[in-house]
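Each chain, written out:
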Amino acid sequence: MLAQIQETKSFLENKTSVKPFTGIVLGTGLGNLSSEIEVETAIPYSEIPNFPVSTVQGHSGQLIFGTLNGVPVVAMQGRFHYYEGYSLKECTFPIRVMKMLGIKNLFLSNASGGVNANFEIGDIMLITDHINLLPDNPLRGKNIDELGPRFPDMSEPYSKDLNNKVFSIAQQNNIKLQQGVYAVLSGPTFETPAEYKYIQIIGADTVGMSTVPEVIVARHMDLPCMAMSIITDLGVDGKIVEISHEEVQEVAKEAEPKMTLIIKELLKEIYS
Ligand code: HPA
């Protein structure tokens, strides 16, 4: 895998002069944050050696190099999910590459179902911890010692320092920000009422189908992470209604300006 990462890194470095400080993974409905980026180079995943190709509607699938609020960034417009059929190593390959390109931190976003009774549709939740309920771990198999340790520490999966900064930014801008634990399931089915209840009982506040594999791989490489989730539906007893991917995207879109503001302010604050 190391040789493939190197090959992809060299390919990308020949395509762009941007030296990204931050990597950003844009999730469901948040692809438009990329319109805020001053794009230098945008490369479809299909043209990038060793990259899987995104298949899901609403995930356009390109890697963007440019500046956001003056900060050099690399952004994934569209991510790879386990439910699409990729292995978790394939899903997280771009994170390996972004680290090799020199990013100092990783921001991620997603949409999720809230199982915390205090949450409302449209809320943004800062992820403080996660529970991996996928039937796999992206680090399973022979460890690549050049990338990170065999048994990575997971005591701070999401950077407390970045999260504290996000809280201050939200407060200063009157943005309601929830915080909590994100559980990941494989999907592609949304949860049954019994599954939502189970997720709530084991200590999660939201549930979704992404982000955790990327964060595991990032932490393997000691990359600080910050992730935000838009609550697009509720898995709370008495509030469970039928949902669709389209509804999820609609709600996510509405919350997008707030998330964009937080990300831009955070970049400005941490870039030096
Ligand atoms: N469950 C899983 N994934 C999701 C959900 C959900 O309720 N909402 C948005 N993504």
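Everything numeric in this text was worked out from a predicted model, so none of it was measured. Sequence order as written defines the numbering, with residues in each chain counted from 1. It should be noted that, the model being predicted, local features are given only for residues of pLDDT at least 70 and side-chain atom pairs only at 80 or more, the latter also being counted only at that level, while totals for whole chains, interfaces and linings use all residues. The basis for the side-chain values is all heavy atoms of the structure; hydrogens and waters are excluded.

**Student:** Quick one: what's the story with the packing of helix 2 (residues 88-100) against helix 5 (residues 212-220), residue by residue and with numbers?
**Tutor:** For helices, the axis comes from a line fit to the C-alpha atoms of the stretch in contact; other axes are also lines fit to C-alpha atoms, and the angle between any two N-to-C directions lies between 0 and 180 degrees. Labels follow the DSSP assignment, with helices taken as runs of H or I lasting at least four residues and strands as runs of E lasting at least two, numbered in each case from the N terminus. In contact at an axis separation of 9 Å, helix 2 and helix 5 are set at 55° when each is read in the N-to-C sense. In terms of orientation, helix 2 lies oblique with respect to helix 5. The two elements helix 2 and helix 5 meet at a crossing, and its hand is right-handed. Contact residues: helix 2 offers Leu88, Thr92, Ile95 and Arg96, while helix 5 offers Pro213, Glu214, Val217, Ala218 and His220. Broken down by class, the residue content of the contact of helix 2 with helix 5 amounts to 5 nonpolar, 2 polar and 2 charged. Geometric relationships in this document are graded by angle, where less than 35 degrees denotes roughly parallel, more than 145 denotes roughly antiparallel, 65 to 115 denotes roughly perpendicular, and other angles denote oblique. Crossings are classed by handedness, with left-handed meaning an anticlockwise turn of the near helix from the far one by less than a right angle and right-handed meaning a clockwise turn. In what follows, a contact means two residues having at least one pair of non-hydrogen atoms within 4.5 Å. All amino acids are sorted into three groups, where Ala, Val, Leu, Ile, Met, Phe, Trp, Tyr, Cys and Pro are nonpolar, Asp, Glu, Lys and Arg are charged, and the leftover types, Gly among them, are polar.

**Student:** Any details on the site of the ligand? Residues and values, ideally.
**Tutor:** The immediate surroundings of the ligand are formed by Ala111, Ser112, Gly113, Phe190, Glu191, Tyr196, Val207, Gly208, Met209, Thr232, Asp233 and Val248. For the purposes of these results, a polar contact is taken to be a pair of N or O atoms within 3.5 Å, where, inside protein, one atom must be able to donate a hydrogen and its partner to accept one; residues adjacent in sequence count only when each atom of the pair is a side-chain atom. Within the side chain of Asp233, a nitrogen or oxygen atom sits 2.6 Å from an oxygen atom of the ligand. The protein chains hide 95% of the 260 Å² of surface that the ligand would expose on its own. Comparing atom positions with the cavity grids shows the ligand to sit within the largest pocket. Listing elements by their share of the shell around the ligand, those giving two or more residues are strand 5 (105-114), strand 8 (206-208) and strand 9 (225-234). Broken down by element, the residue count for the shell around the ligand peaks at 3 residues, all from strand 5. Residue composition of the shell around the ligand, grouped by class: 6 nonpolar, 4 polar and 2 charged. We call a residue near a molecule or strand as soon as one heavy atom of that residue lies within 4 Å of the molecule or strand. Here, Shrake-Rupley sampling with a 1.4 Å probe gives the accessible areas, and only protein chains in the shown set may cover a residue. The distinction between a cavity and a pocket rests on a 1 Å grid over the protein atoms alone: a 1.4 Å probe fits inside a cavity but cannot get out, while a pocket stays open yet meets protein on both sides within 12 Å along at least five of seven lines, and a residue with an atom within 4 Å of a point counts as lining. Cavities and pockets are treated as containing a molecule whenever more than half of the molecule's atoms lie within 2 Å of their grid points.

**Student:** An account of the pattern of salt bridges is needed here, citing residue identities and associated values.
**Tutor:** When a carboxyl oxygen of Asp or Glu is within 4 Å of a side-chain nitrogen of Lys or Arg, the pair counts as a salt bridge. What the rule picks out here adds up to 8 salt bridges. One salt bridge in this structure joins Lys264 and Glu36, with 2.7 Å as the shortest N-O distance. Here Lys264, found in helix 6 (residues 245-270), pairs with Glu36, found in the loop between strand 1 (22-26) and strand 2 (38-44); they are 228 residues apart in sequence, far enough to count as distant. Take Lys264: its relative accessible area is 24%, and that puts it in the partly exposed class. Given a relative accessible area of 36%, Glu36 falls into the partly exposed group. Two residues, Glu265 and Lys268, come together in a salt bridge whose shortest N-O distance is 3.6 Å. Here Lys268 and Glu265 lie together in helix 6, a separation of 3 residues that amounts to about one turn. Only protein chains enter the area calculation, which uses a 1.4 Å probe; residues under 20% of their type maximum are buried, those over 50% are exposed, and those in between are partly exposed. Take Glu265: its relative accessible area is 28%, and that puts it in the partly exposed class.

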